[in-house]
Amino acid sequence: MASEFTANKPDGQLTARILLADDEPRLLTMLARLLREQGYQVTEAHGGKQACEIASKEVFDLALLDLRMPGVDGFATMTHLARSQPDCGVVVVSGESSFNAVSQALRQGALDYIRKPYDPEELLTTVARVLKKRSLLKAHEHIQVRLEKSEALHRYIVNSSPDIVFMLDSQGQFCFVNSKVSGLLGYQPAELCGRHFRHIIDERDITKGIYSLKDPTISADNPKTLELRLKSRGDGNNARHFEVTAFPIDPQTWPHAGTTQGNGSGKGARYYGTARDVTERKEAEAFINYQAYHDLLTRLPNRSLFQDRLELAITHARRNRQRLAVMFLDLDRFKVINDTLGHGMGDQLLQAVAQRLEKCLRKGDTLSRFGGDEFTLLLPSITDEEDARGIAKKLIDALRAPFRLGDHEVFVGVSIGISIYPEMGTSLDQLIQNADIAMYHVKASGKDGYRFYNETMSVDATSRLQMESDLRLALERNELKVFYQPQVCSTSDRVVGLEALVRWQHPERGLIYPGEFLPLAEETRLIGQVSERVLDQACQDAARWIRAGHKDLRLAVNLSPVQVEHPRFVETLLRKVRAHGLPTSNLEIEITENTIMNDLEQISEKLRELAATGVRIAIDDFGTGYSSLNYLHRLPIHTLKVDQSFVKAIRGGEDGACIVNAIVAMAHGLKLDIVAEGVETNEQLTYLRRLGCHQVQGFYYGPARPSANILQSLVKTRTAAPVF
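Residues numbered from 1 in each chain as written. Predicted model: local features only at pLDDT ≥ 70, side-chain atom pairs only at ≥ 80, totals over all residues. Heavy atoms only, no water.

K.L.:
Describe the confidence of the model for the chain, naming the residues involved and giving the relevant values.
P.N.:
Per-residue pLDDT for the chain has a mean of 83; in total, 88% of the residues score no lower than 70. Considering only residues more than four positions removed or in separate chains, one finds that residues 147–157, a stretch of pLDDT under 50, has 26 contacts. Ignoring residues within four places in sequence, the model shows residues 717–723, a span with pLDDT below 50, making 12 contacts including any to other chains. (pLDDT = per-residue confidence, 0-100. Contact = heavy atoms within 4.5 Å.)

K.L.:
Would you mind going over the packing of aromatic side chains in detail, with residue names and values included?
P.N.:
According to the stated counting rule, one finds 7 aromatic pairs in the structure shown. With a centroid separation of 5.5 Å and 85° between ring planes, the pair formed by Trp 504 and Phe 517 is classed as edge-to-face. Of this pair, Trp 504 sits in strand E21 (residues 495–506) while Phe 517 sits in helix H16 (residues 514–523), and the two are 13 residues apart along the sequence. Side by side, Trp 504 and Phe 517 carry an identical accessibility label, which is buried. (Phe/Tyr/Trp six-rings, centres within 6.5 Å; stacked < 30°, edge-to-face > 60°. Helix = DSSP H or I, 4+ residues; strand = E, 2+ residues; numbered from the N terminus. Buried < 20%, exposed > 50% of the residue type's maximum accessible area, 1.4 Å probe, protein only.)

K.L.:
Give me unusual backbone geometry: which residues, what numbers.
P.N.:
A cis amide bond links Lys 116 to the next residue, Pro 117, at an omega of -10°. Geometrically, the link from Tyr 421 to Pro 422 is a cis peptide bond, its omega value of 5° lying close to zero. Looking at where Pro 422 falls in the secondary structure, it is placed in the loop between strand E18 (413–421) and helix H14 (428–444). One non-glycine residue, Arg 321, lies in positive phi territory at about 50°. By the element assignment, Arg 321 lies in the loop between helix H10 (303–320) and strand E13 (323–332).

K.L.:
Tell me about the pattern of salt bridges, and name the residues and values.
P.N.:
One pass over the full model with this rule turns up 37 salt bridges. Close ionic contact of Arg 129 with Asp 112 constitutes a salt bridge, the shortest N to O distance being 2.4 Å. Taken together, the residues Arg 129 in helix H5 (residues 120–146) and Asp 112 in strand E7 (residues 112–115) connect sequence positions 17 residues apart. Here Arg 129 falls in the partly exposed class, since its relative accessible area comes to 41%. Overlapping salt bridges bring together Glu 227, Glu 243, Arg 281, Lys 282 and Glu 285 as one network. (Salt bridge = Lys/Arg side-chain N within 4 Å of Asp/Glu carboxyl O.)

K.L.:
Describe helix H12 (residues 343–358), listing the residues and the values that go with them.
P.N.:
With 16 residues, H12 extends 22 Å from end C-alpha to end C-alpha; this agrees with the ideal 22 Å at 1.5 Å per step. For H12, the complete set of buried residues consists of His 343, Gly 346, Leu 349, Leu 350, Val 353, Ala 354 and Leu 357. Viewed along the axis of H12, the buried residues span an arc of 135°, placing them on a single side of the element. (Expected span 1.5 Å × (residues − 1). Arc of directions from axis to C-beta.)

K.L.:
Pulling in residues and values, what's your account of the pairing of strand E20 (residues 480–489)?
P.N.:
Judged by how many residues are buried, E20 sits mostly within the fold: 9 of 10 residues are covered. As judged from the 9 bridges shared by E20 and E21, these two strands associate in the antiparallel manner. Within E21, the residue paired with Lys 481 across the bridge is Arg 503. Counting the residues that bridge the hairpin from E20 to E21 gives 5 residues, and of these Asp 493 lies at a positive phi of roughly 60°. Examined bridge by bridge, E20 and strand E29 (residues 705–706) share 2 bridges and lie antiparallel to one another. Looking at E29, one finds that Tyr 484 is bridged to Arg 705. Sheet topology note: the E20/strand E28 (residues 695–696) ladder contains 2 bridges and is antiparallel. Within E28, the residue paired with Val 488 across the bridge is Val 696. (Pairing = 2+ DSSP bridges.)

K.L.:
A description of the environment of Met 78 should follow, citing residues and the corresponding values.
P.N.:
Turning to its location among the elements, Met 78 is positioned in helix H3 (residues 74–84). For Met 78, a relative accessible area of 4% gives the class buried. C-alpha separation for the pair Met 78 and Gln 108, spaced 30 residues apart in sequence, amounts to 7.5 Å.

K.L.:
Can you lay out the packing of helix H11 (residues 334–341) against H12 for me, pointing to particular residues and giving the numbers?
P.N.:
With their axes 6 Å apart at the nearest point, H11 and H12 run at an angle of 140° to one another. By the angle between their directions, the pair H11 and H12 is classed as oblique. Here Phe 334, Ile 337, Asn 338 and Leu 341 of H11 lie close against H12, whose contacting residues are His 343, Met 345, Gly 346, Leu 349 and Leu 350. Here the residues of the contact of H11 with H12 are counted per class, giving 6 nonpolar, 3 polar and no charged. (Axes fitted to C-alpha atoms, helices over the stretch in contact; angles between N-to-C directions. Parallel < 35°, antiparallel > 145°, perpendicular 65-115°, else oblique. Nonpolar A, V, L, I, M, F, W, Y, C, P; charged D, E, K, R; others polar.)

K.L.:
Outline helix H2 (residues 48–55), supporting the account with residue identities and numerical values.
P.N.:
Taken together, the buried positions of H2 are Gly 48, Ala 51, Cys 52, Ile 54 and Ala 55. The buried side chains of H2 occupy one side of the element, clustering within an arc of 165° when seen end-on. Among the structural elements, strand E3 (17–22), strand E4 (41–46) and H3 are those in contact with the buried residues of H2.

K.L.:
Account for the sheet that holds E18, with residues named and values stated.
P.N.:
One open sheet holds the 5 strands; their spatial order is E14-E15-E13-E18-E19, and the pairing between them is mixed. A single partner strand is all that each edge strand has here, and the edge strands are strand E14 (366–371) and strand E19 (450–452). When the angles between neighbouring strand axes are averaged without regard to direction, this sheet yields 20°. As paired elements, E13 and strand E15 (residues 374–382) share 7 bridges and run antiparallel to each other. Considered in E15, the bridge of Arg 323 is made with Ile 382. Those strands touched by H10 are E13, E14, E15 and E18, and its axis lies near 135° from that of E14.

K.L.:
For the environment of Tyr 453, give the residues involved together with the corresponding values.
P.N.:
Its place among the elements puts Tyr 453 in the loop between E19 and helix H15 (456–477). Along the chain, Tyr 453 and Gln 433 lie 20 residues apart, while their C-alpha atoms are 9.8 Å from each other.

K.L.:
I'd like to hear about the nonpolar core, residue by residue, with values.
P.N.:
Nonpolar side chains tend toward joint burial in soluble globular proteins. Tyr 484, Leu 555, Leu 582, Ile 589, Leu 610 and Leu 640 are the most contacted members of the largest nonpolar core, which has 75 residues in total. Tallying contributions element by element places helix H17 (residues 527–547) first for this core, with 10 residues. Once you skip the residues sitting within four places of it in the chain, Leu 640 turns out to touch Ile 619, Phe 622, Leu 632, Ile 663, Met 666, Ala 667, Leu 672, Asp 673, Ile 674 and Val 675. (Core = buried A, V, L, I, M, F, W, Y, C linked by side-chain atoms within 4.5 Å.)

The following block contains the structure:
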């Protein structure tokens, strides 16, 4: 069963018919609307069962399926489509992100896999690419049909033939060739007659051509057909592909008299045949074959070719008792650049990244684009882990230098997970999956590094998948709450500021603290949504308290690296603050030293823009990162926050206390405010007061509280006792 594109676009192109299947009506409607806006003919199916019923009656060019559907799931629907209309392509659009599910869907014939929540532009690009590939395959089929021989080879000479028609004598010399040879290869028929046919055959195919005429089995009833490369006149390097059919002539039935075209009479002919130009078909086949095994953007091997080579390498390593390594690479900060500068710039960046990575490879290594901004690397025949470690370091170093995209200079890093055969996996799926798991652990620990897989990571991966699913639901169900911890003047015990902190009110596990889920949010790129929720709610609450009479109240908000690195960070932040009516002078943003040092030049410019509007800048967890006086001097920093690990060490002169002394003294010298985090005891508070630490926060003044409990605490009179 085949489908033809039935609707016409304004530009004359035909529009595809697309079947959508999802059990969530809202998502189904949104996806259908998105595709219809692009001019596609869309049919909606509420679940797999209805999709199968529709597919039994109507013909489609493409189906977009969810995997998790009650009753008939996505896999069963794919099976039905494969039976009922095998020409219909399938793209999976699903929230199911486990490796096994993705792998099964691709093995079952899915042409691509898009995770929910999807990026609309990425989805439309994928749909267009899949439909284009399907169109190319159809075109290839049409070419093959067109190139089928349309006439029997029972005529000696056809001067009007679109093919080269020739005759050879018993020595293999041309005794006739029609004028078509002039248009196709540039030879005049007269100059070929009397010359051996090897004169126009490419050197690589001469042996094959000569041997074919010596085959004793060929006859008029059993002609010899083969493909040969024939040389163009004057350019031996420019060979074209021809399908040559030849067979012997019975000298008893062939007339020897008369003249024909090409200064050849055909007298003495012992063979005749035709040569059909199939260059376009060969190029189409080569292109389709290339496309099937390569990523057209980066020209790297794609997932299919990588898996083929890995399977072969595993077999070789098992036979020779050797080791190999598989690396899973994921670019850091790519999504921000792609979303901000556009997919065109994102594509240029991927091409530039691929070129740098290829320069780090050894002969025999295979680098592939696995999908999106993910790459995989096969290192066959390694000696030990140090070989893989050395390559990983080279890859990381290769991407440290900035990339120039038009007028923009951008930075990306790379997180690399590594699995070694046979210690960390013995099958293709195990090695790729374990390298992927190790890569996620790099993401969780701060990105831009590498890590080898170990068995404990698999347990973490299972729980991470469940928590990731819960976290996505938490964003939909508004389960994330904003709590506030007071920042207190160390001499007056007056609340001068509030730090906004996120908590997760899980329906089953109760209140979850950020240390348990923020690293996962970073890994899964949900951190941007989480941070936006906190910022919106905190600005709204703080603006309300300021309007209630607390005009000097300062709101401190932690910002994720993803937010700060976004090129439109300043514009977005100020728009949100002003939308809630929060004065910029009452806002203090907290960022880490590592965020600044990732791209000092760009971050510096953004912080200066914010400081010019009155926004205060605080360095969070100071002392745990670069702690560079250089950037403190160059940037508009207002506040240093001493990490709580140093404050906890204020017990009997431990080294941590010495670090606090140094940080406070430095802050005084630079005329910066200082906030000590994690103050829990009167001993710590007294020590910090003597040092001249301006402000403190911690459990000594009570835990962070929800917004409902804040206003009452703010209206209390000043007192020496804790206010929370």
